[in-house]
Amino acid sequence: MNFTLKLTPLLVAGMLVILALVLLTLIARSWRGSRTGLTDRLRIDAAVGRYDLWLELRGASYRRRRDLRTELRANLNDAAEQVGTGQALAALGSLRQMAAEATGGAVTGPRWSTGASAAAGALVVVILAELWAIATWVSAAEASGATRVQGSLPLFPGSLVTWERVNGGLSIDLDTGWLVIAAAAIAFVLGSRPWLAVSRHRSAGPV
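Conventions used here
- Residues numbered from 1 in each chain as written.
- Predicted model: local features only at pLDDT ≥ 70, side-chain atom pairs only at ≥ 80, totals over all residues.
- Heavy atoms only, no water.
- Helix = DSSP H or I, 4+ residues; strand = E, 2+ residues; numbered from the N terminus.
- Buried < 20%, exposed > 50% of the residue type's maximum accessible area, 1.4 Å probe, protein only.
- Areas by Shrake-Rupley, 256 points an atom, 1.4 Å probe, with all protein chains shown as cover.
- Arc of directions from axis to C-beta.
- Polar contact = N/O pair within 3.5 Å; in protein donor to acceptor, adjacent residues only side chain to side chain.
- Salt bridge = Lys/Arg side-chain N within 4 Å of Asp/Glu carboxyl O.
- Axes fitted to C-alpha atoms, helices over the stretch in contact; angles between N-to-C directions.
- Parallel < 35°, antiparallel > 145°, perpendicular 65-115°, else oblique.
- Left-handed = near helix turned anticlockwise from the far one by under 90°.
- Contact = heavy atoms within 4.5 Å.
- Nonpolar A, V, L, I, M, F, W, Y, C, P; charged D, E, K, R; others polar.
- Patch = residues over 30% accessible without salt bridge, like charges linked within 9 Å, V, L, I, M, F, W, Y side chains within 5 Å.
- Expected span 1.5 Å × (residues − 1).
- pLDDT = per-residue confidence, 0-100.

Engineer: Report on the overall build of the protein, specifying residues and quantitative values.
Structural biologist: Summing up its helical and strand segments, the protein has eight helices and four strands in all. Every one of the 207 residues in the protein was classed for burial, and the buried ones make up 30%. Summed over all atoms, the accessible surface of the protein reaches about 13,100 Å², with 64% contributed by carbon and sulfur.

Engineer: Tell me about helix 5 (residues 95–102), residues and numbers included.
Structural biologist: Owing to its 3.6 residues per turn, the α-helix aligns residues three or four sequence positions apart on the same side. The complete set of buried residues in helix 5 reads Leu95, Ala99 and Ala100. Seen along its axis, helix 5 keeps its buried residues to an arc of 145°; they face one direction. For helix 5, the capping residue at the N-terminal end is Ser94, with a side-chain oxygen 3.4 Å from the backbone nitrogen of Arg96. The first or second residue beyond helix 5 is Gly104, which carries a positive phi of 80°.

Engineer: Residues and numbers for the side chain of Arg73, please.
Structural biologist: Tracing the backbone shows Arg73 in helix 3 (residues 62–83). Given the relative accessible area of 18%, Arg73 is considered buried.

Engineer: Just give me the short version of the pattern of salt bridges, but keep the residues and values in it.
Structural biologist: Scanning the entire structure with this criterion turns up six salt bridges. Where Arg73 meets Asp45, a salt bridge forms, and the shortest distance between an N and an O atom there is 3.3 Å. Of the two residues, Arg73 is situated in helix 3 and Asp45 in helix 2 (residues 38–57); the sequence distance between them amounts to 28 residues. Exposure remark for Asp45: the relative accessible area of 19% places this residue in the buried category. For the salt bridge of Arg66 with Asp67, the shortest nitrogen-to-oxygen distance reads 3.7 Å. Looking at Arg66, the relative accessible area reads 36%, which means it is partly exposed.

Engineer: Hey, could you go over the packing of helix 6 (residues 112–143) against helix 7 (residues 179–192) for me, with residue numbers and the actual values?
Structural biologist: Interhelical geometry of helix 6 versus helix 7 gives an angle of 150° and a closest axis separation of 7 Å. With respect to each other, helix 6 and helix 7 are oriented roughly antiparallel. In this structure, helix 6 crosses over helix 7, and the sense of that crossing is right-handed. Together, Trp112, Thr114, Gly115, Ala116, Ala118, Ala119, Ala122, Leu123, Val126, Ile127 and Glu130 of helix 6 and Val180, Ala183, Ala184, Ala187, Phe188, Gly191 and Ser192 of helix 7 make up the contact between the two elements. Grouping the constituent residues of the contact of helix 6 with helix 7 by class yields 13 nonpolar, four polar and one charged.

Engineer: Which residues make up a nonpolar patch on the surface, and what are the values?
Structural biologist: A cluster of nonpolar side chains, namely Val124, Ile127, Leu128 and Leu131, defines an oily patch on the protein surface of about 330 Å² accessible area. Using a relative accessible area of 47% as the deciding quantity, one classes Val124 as partly exposed.

Engineer: Please provide a residue-by-residue account of the environment of Thr39, values included.
Structural biologist: For Thr39, the location among the structural elements is in helix 2. On the accessibility criterion, Thr39 (55% relative accessible area) is exposed. It is 9.5 Å that separates the C-alpha atoms of Thr39 and Thr85, two residues lying 46 residues apart in sequence.

Engineer: Outline helix 6, listing residues and values.
Structural biologist: Under the 1.5 Å per step criterion, the end-to-end length of helix 6 is 46 Å for 32 residues, consistent within 8% with the ideal 46 Å. When helix 6 is considered as a whole, its buried residues turn out to be Thr114, Gly115, Ala119, Ala122, Val126, Glu130, Ala133, Ile134, Trp137, Val138 and Ala141. Where helix 6 terminates, the next one or two residues include Gly145, which has phi positive at roughly 85°.

Engineer: Residues and numbers for the confidence of the model for the protein, please.
Structural biologist: Averaged over all residues, the pLDDT of the protein equals 76, while 73% of them reach at least 70. In this model residues 1–8 is a low-confidence stretch, pLDDT under 50, and it forms 16 contacts with partners more than four residues away in sequence or in other chains. Counting interchain partners and residues more than four positions distant, the pLDDT-below-50 stretch residues 201–207 has zero contacts.

If you want it as structure tokens, here you go:
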């Protein structure tokens, strides 16, 4: 994995704007047709999100989770208009228990989206740690007074950093090494538990 750290403030701002627009679009889709207020919609979405998480942790398929999310959101919207959002949410009881009942009380399969979230989290943590290591390394390279310094980062096997003064500015090239990918892969496996797909297939037996 190789890249050059040449991000400009304008590029970063553009990325943040795009991310914000994507999030707003996703939220707007879930609110379509709802007549509740902003605060109530946020509370309903939070409850639906927690329910979806419990379903995911129990291995419910994406299609099954989507249908159950849609059903719960519609029921909550209707109940909120009749008795208020607070009472509608209170009447739900335990979302964890609801998820268990919806999946038959047993973990049914791998948790792919949980694995993806775990991998993304591990990726962010490792990259942030590596960026901190780069900052320390670059400070030492700059203090050396040399025009070009190349070396590896401590604790990051296979990494390679090149620091160079170019036309009055700085250029930093980074090869992150294999730890970034390894951490994401391990987190994905531990989070998704793919072996459940094998055990479920075996328990099902021949058709």
